[in-house]
Amino acid sequence: MIRKASKEDIGRIIELLHQVNMVHYRLRPDLFKPYTTKYNEQELENLLGDDSKPVFVYDDGTVQGYAFCQITEVRGDQLLQDNKTLYIDDICVDEAARGKHVGKALYEYVRDYALSVGCNNITLNVWEGNDPALAFYKNMGMQVRKTTMEVIL
């Protein structure tokens, strides 16, 4: 079952955040520190109270995955069309649950949620080299919107 995350989920979410961080660390150790997380317990508790940043979990008795989302809107911009976007800030499926369609269920739930709140699109970022994630999102119907480039000096 997929539901909004609660304070009781924080410990498990922290475990999953460690998994995501290590994926990023292995890809880009020049940017990411090992054995840490994006949020601490207090930050997660604050985040769970922010309706503009919903967090959803896949729970089959144990939280097997999560999706951190953010709703953003552009209204009356000189250059850009009015737009309401759901940005997937972070998504994770427990390493032991991969291949069991947890990610697909989370993505489809987030897509349906985005539609229900009037979003025009869903966006997210994928790190270069994270080929399994890129393939997954393409399989979900997503396509490249823009490319960020760098040169390491």
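Only a predicted model underlies this, so the values are computations on that prediction, with no experimental measurement involved.

**Student:** So what exactly am I meant to see when it comes to the overall build of the protein chain here?
**Tutor:** Along the backbone of the protein chain there are four helices and five strands. Relative to the 2.2 N^0.38 estimate, which gives 15 Å for 153 residues, the radius of gyration of the protein chain is 16 Å and therefore close to what a compact globule would have. Its C-alpha atoms put the protein chain at 45 × 40 × 30 Å along the principal axes. When each of the 153 residues of the protein chain is scored for burial, the buried share is 41%. In the structure as shown, the protein chain presents an accessible area of about 9,800 Å², 49% of it carried by carbon and sulfur atoms. Of the charged side chains in the protein chain, 18 are positive and 23 negative, and the gap between their average positions amounts to 3 Å.

**Student:** Explanation requested: the nonpolar core in the structure shown.
**Tutor:** Looking at soluble globular proteins, one finds that nonpolar side chains tend to be buried together. Counting residues in each nonpolar core, the largest one holds 24 residues, and the members touching the most others are Leu 86, Ile 88, Leu 106, Val 110 and Ile 122. In this view, Val 110 contacts Phe 56, Ala 67, Cys 69, Leu 86, Ile 88 and Ile 122; residues no more than four positions away in its chain are not counted. Grouped together as the second largest cluster of nonpolar side chains are 16 residues, Ile 10, Val 57, Tyr 66 and Cys 92 included.

**Student:** Help me out: how do you make sense of the environment of Gln 19 in this one?
**Tutor:** Along the polypeptide, Gln 19 turns up in helix H1 (residues 10–27). Each C-alpha atom, one on Gln 19 and one on Arg 3, is 21 Å from the other, the two residues being 16 residues apart in sequence. Once residues lying within four places of it in the same chain are set aside, the contact partners of Gln 19 are Cys 92, Val 93, Asp 94, Glu 95 and Arg 98. Only 3.5 Å separates the side chain of Gln 19 from the side chain of Asp 94, close enough to count as a polar contact.

**Student:** Sorry, what's going on with empty space enclosed by the protein here?
**Tutor:** Rolled over the atoms, a probe sized like a water molecule indicates the empty space that remains. According to the stated counting rule, one finds one cavity of 30 Å³ or more in the structure shown. Taken as a whole, the largest cavity encloses approximately 30 Å³ of empty space. What lines the largest cavity is simply Tyr 39, Leu 47, Lys 53, Val 55, Phe 68, Cys 69, Gln 70 and Asp 89. In terms of residue count, the dominant contributor to the lining of the largest cavity is strand S3 (residues 63–74) (three residues). A class-by-class count of the residues in the lining of the largest cavity yields five nonpolar, one polar and two charged.

**Student:** In this structure, what is going on with the packing of H1 against helix H2 (residues 41–48)? I would like to understand it.
**Tutor:** Relative orientation and spacing of two packed helices are given, respectively, by the angle between their axes and the distance between those axes. Packing of H1 against H2 leaves a shortest axis separation of 10 Å and a crossing angle of 115°. With respect to H2, the axis of H1 lies roughly perpendicular. Crossing of H1 over H2 shows right-handed handedness. Taken together, the residues of H2 that come into contact with H1 (itself represented by Ile 10, Ile 13, Ile 14 and Leu 17) are Glu 41, Leu 44, Glu 45 and Leu 48. For the contact of H1 with H2, a count of residues per class yields six nonpolar, no polar and two charged.

**Student:** Explanation requested: the sheet that holds strand S4 (residues 83–93) in the structure shown.
**Tutor:** Strand pairing in a sheet relies on backbone hydrogen bonds, with the paired strands running either antiparallel or parallel. Read across the open sheet, the five strands follow the order S1-S2-S3-S4-S5; overall the sheet is mixed. Looking at strand neighbours, the two that pair on one side only are strand S1 (2–4) and strand S5 (121–124), the edges of this open sheet. Averaged over all neighbouring strand pairs, the angle between strand axes comes to 30°, with direction disregarded. By the bridge criterion, ten bridges tie S3 to S4 in an arrangement that is antiparallel. What sits directly across from Thr 72, in S4, is Thr 85.

**Student:** Even after reading the chapter, I still don't get the pairing of S3, so can you show me in this structure?
**Tutor:** In summary, the side chains of a regular strand alternate between the two faces of the sheet. Taken together, the five bridges between strand S2 (residues 55–59) and S3 define a ladder with antiparallel strand orientation. The partner of Val 57 across the bridge, within S3, is Tyr 66. Following S2, the chain reverses through three residues before pairing antiparallel with S3; Gly 61 in that reversal takes a positive phi of roughly 110°.

**Student:** What exactly am I supposed to notice about the side chain of Asn 130 here?
**Tutor:** Note on placement: Asn 130 falls in the loop between S5 and helix H4 (131–139). The exposure class of Asn 130 is buried, given its relative accessible area of 15%. What Asn 130 contacts, discounting residues up to four positions off in sequence, is Val 23 and Leu 27.

Quick notes on the rules
- Residues numbered from 1 in each chain as written.
- Predicted model: local features only at pLDDT ≥ 70, side-chain atom pairs only at ≥ 80, totals over all residues.
- Heavy atoms only, no water.
- Helix = DSSP H or I, 4+ residues; strand = E, 2+ residues; numbered from the N terminus.
- Rg over C-alpha atoms; globule rule 2.2 N^0.38 Å.
- Buried < 20%, exposed > 50% of the residue type's maximum accessible area, 1.4 Å probe, protein only.
- Areas by Shrake-Rupley, 256 points an atom, 1.4 Å probe, with all protein chains shown as cover.
- Lys, Arg positive; Asp, Glu negative; His and termini not counted.
- Charge placed at Lys NZ, Arg CZ, Asp CG, Glu CD.
- Core = buried A, V, L, I, M, F, W, Y, C linked by side-chain atoms within 4.5 Å.
- Contact = heavy atoms within 4.5 Å.
- Polar contact = N/O pair within 3.5 Å; in protein donor to acceptor, adjacent residues only side chain to side chain.
- 1 Å grid on protein atoms, 1.4 Å probe; cavity = no way out; pocket = protein on both sides within 12 Å on 5 of 7 lines; lining within 4 Å.
- Points joined across faces, edges and corners; volume = space filled by probe spheres on them.
- Nonpolar A, V, L, I, M, F, W, Y, C, P; charged D, E, K, R; others polar.
- Axes fitted to C-alpha atoms, helices over the stretch in contact; angles between N-to-C directions.
- Parallel < 35°, antiparallel > 145°, perpendicular 65-115°, else oblique.
- Left-handed = near helix turned anticlockwise from the far one by under 90°.
- Pairing = 2+ DSSP bridges.

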